[in-house]
Amino acid sequence: MDANRRARGLAAPLARLALASCLAAVTGCDSVSSDAVTRCNQQLVLPGAVKTDILFVVDDSGSMDGAQANLQANFQAFVDRLAASPVKNDFQIGVTTTSVDTYYQGTFPDTFWNPYTPTDTCTAPPYPKSTTYPKGALVSVTPTGNGDAQNRVQSVTQPPRILPAGSPTLVADFVANVDVGVCGSGKEAGLEAARLAIQAAVPGGANDRFLRPGARLAVVIVSDDDDCSDPLHQGTSREPTACTSYPVQSYVDYFTGPLGGETRPVIVGAIVAVDPVTLQPSACVEPSGSAAEHGAVRYRAFADAFGANALVDSVCNPSFHDTLVKLAGIIDPGQVMPLQGVPSDWRLLVVSVVKADGTRVSCTVGDGTGGTADVVYLPPAGSDPARLQFGGACTLQLGDSVDVRTACAG
């Protein structure tokens, strides 16, 4: 039998995937499966990316200056770990605060200028009396220029509020936006703020374009007090001990249900008031020497509901570097690489992994129905595209790249 195969390659950034339609002038056609596709399919199979929308909910109450600075100092490590994944992660980041409302003598004021702060420097000059808390809206932050740590102004309308992975100013923009100041509510409602943020991520909403179709969601809460979410206004103070009527399970149910019309993988990060060693709720002592107000009982319970897709660590750690690197590891797409386009026959996929030292490992490919294979082809299902799941000798490590070719007999 005479065989004629043609080849075409396409290199992709980050993943370095290549596609060849046919391999040229190769003999040995007897190795082609009897039921293989025998006519080249011109549809390309290109590398895809896992989309992840990452929401940071940052406490902006009076004691949070140190934790915000800690986030700023270590964010680069978070981004570097995400970028090191062999599977491209098309992520974007937004920041909101824990400020939804406060409590005062049976009322629930929701403005920066409220009965607790009528003459506070937080309201002179940054916020007019009518300025409401973000209530889940993503914020950008601008310093007033006077050097006062309290005088940093949040905006729920001015860009940049959604920070894409490919932005050359990603780190600088996050460092600015996470510096939300300390003029927010002392009634920290991180879970409610997170829910409001996602509810507003609809066309025409305050967070329009934040929650993308097909994207995973990561929610990262940073606070030195426990959650005081009280959407039904059942509490009688600003303290978390008065905010136990509304169950944490309601938030678990919300985030595990359809979000934006889709049931999504959800990852939770909680950098909160837990003991740095035991990770149990504790009024731990922060690097400044001040103790957290209350142990994070509610935040811990929320994170625990997401099992292996959650990370809990202490806001009292002197550095968030390791915490953010671990969190990025959980957000990492891992061993599943999406494809753009669908191969005409998975048996024509030729896959290899190029290790960081340049060594190339050839991978066996299967469909998971019999025998063992290093790479399993997963066909499109629901909203999921065609994917490759790596394992065995081809388990992906940081610094690896992937080469995929499709060969046609014709």
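Residues numbered from 1 in each chain as written. Predicted model: local features only at pLDDT ≥ 70, side-chain atom pairs only at ≥ 80, totals over all residues. Heavy atoms only, no water.

Enquirer: Can you walk me through the packing of helix H1 (residues 65-83) against helix H6 (residues 321-331) in this structure?
Expert: Describing two packed helices takes the angle between their axes plus the distance from one axis to the other. Close contact between H1 and H6 brings their axes to 8 Å; oriented N to C, the two are set at 30°. Classed by the angle they form, the pair H1 and H6 counts as roughly parallel. Helix-helix and strand crossings are classified by hand; for H1 and H6 the assignment is right-handed. Note on element contacts: H6 touches H1 through His321, Leu324, Val325, Leu327, Ala328, Gly329 and Ile331, opposite Leu71, Asn74, Phe75, Ala77, Phe78, Arg81 and Leu82. (Axes fitted to C-alpha atoms, helices over the stretch in contact; angles between N-to-C directions. Helix = DSSP H or I, 4+ residues; strand = E, 2+ residues; numbered from the N terminus. Parallel < 35°, antiparallel > 145°, perpendicular 65-115°, else oblique. Left-handed = near helix turned anticlockwise from the far one by under 90°. Contact = heavy atoms within 4.5 Å.)

Enquirer: Whenever I open this one, the state of the cysteines confuses me. Can you help?
Expert: Two cysteines joined by a covalent bond between their sulfur atoms form a disulfide. If you walk through the whole model with that rule in mind, you get three disulfides. Each disulfide pairs two cysteine sulfurs, and for cysteine 228 the partner residue is cysteine 243, the sulfurs being separated by 1.8 Å. Separated by 15 residues along the polypeptide, cysteine 228 in the loop between strand E7 (216-222) and helix H4 (248-256) and cysteine 243 in the loop between E7 and H4 bring together distant segments of the chain. Exposure class is identical for cysteine 228 and cysteine 243. Each is buried. Residue cysteine 284 pairs covalently with cysteine 316 via a disulfide, S to S 2.1 Å. Measuring the twist about the S-S bond at about 80°, one finds the cysteine 284-cysteine 316 disulfide to be right-handed. Residue cysteine 284 is located in the loop between strand E10 (266-272) and helix H5 (297-304), and its partner cysteine 316 is located in the loop between strand E11 (310-314) and H6; the two are separated by 32 residues in the primary sequence. Of the residues examined, cysteine 316 reaches a relative accessible area of 6% and is grouped as buried. (Disulfide = S-S within 2.5 Å. Buried < 20%, exposed > 50% of the residue type's maximum accessible area, 1.4 Å probe, protein only.)

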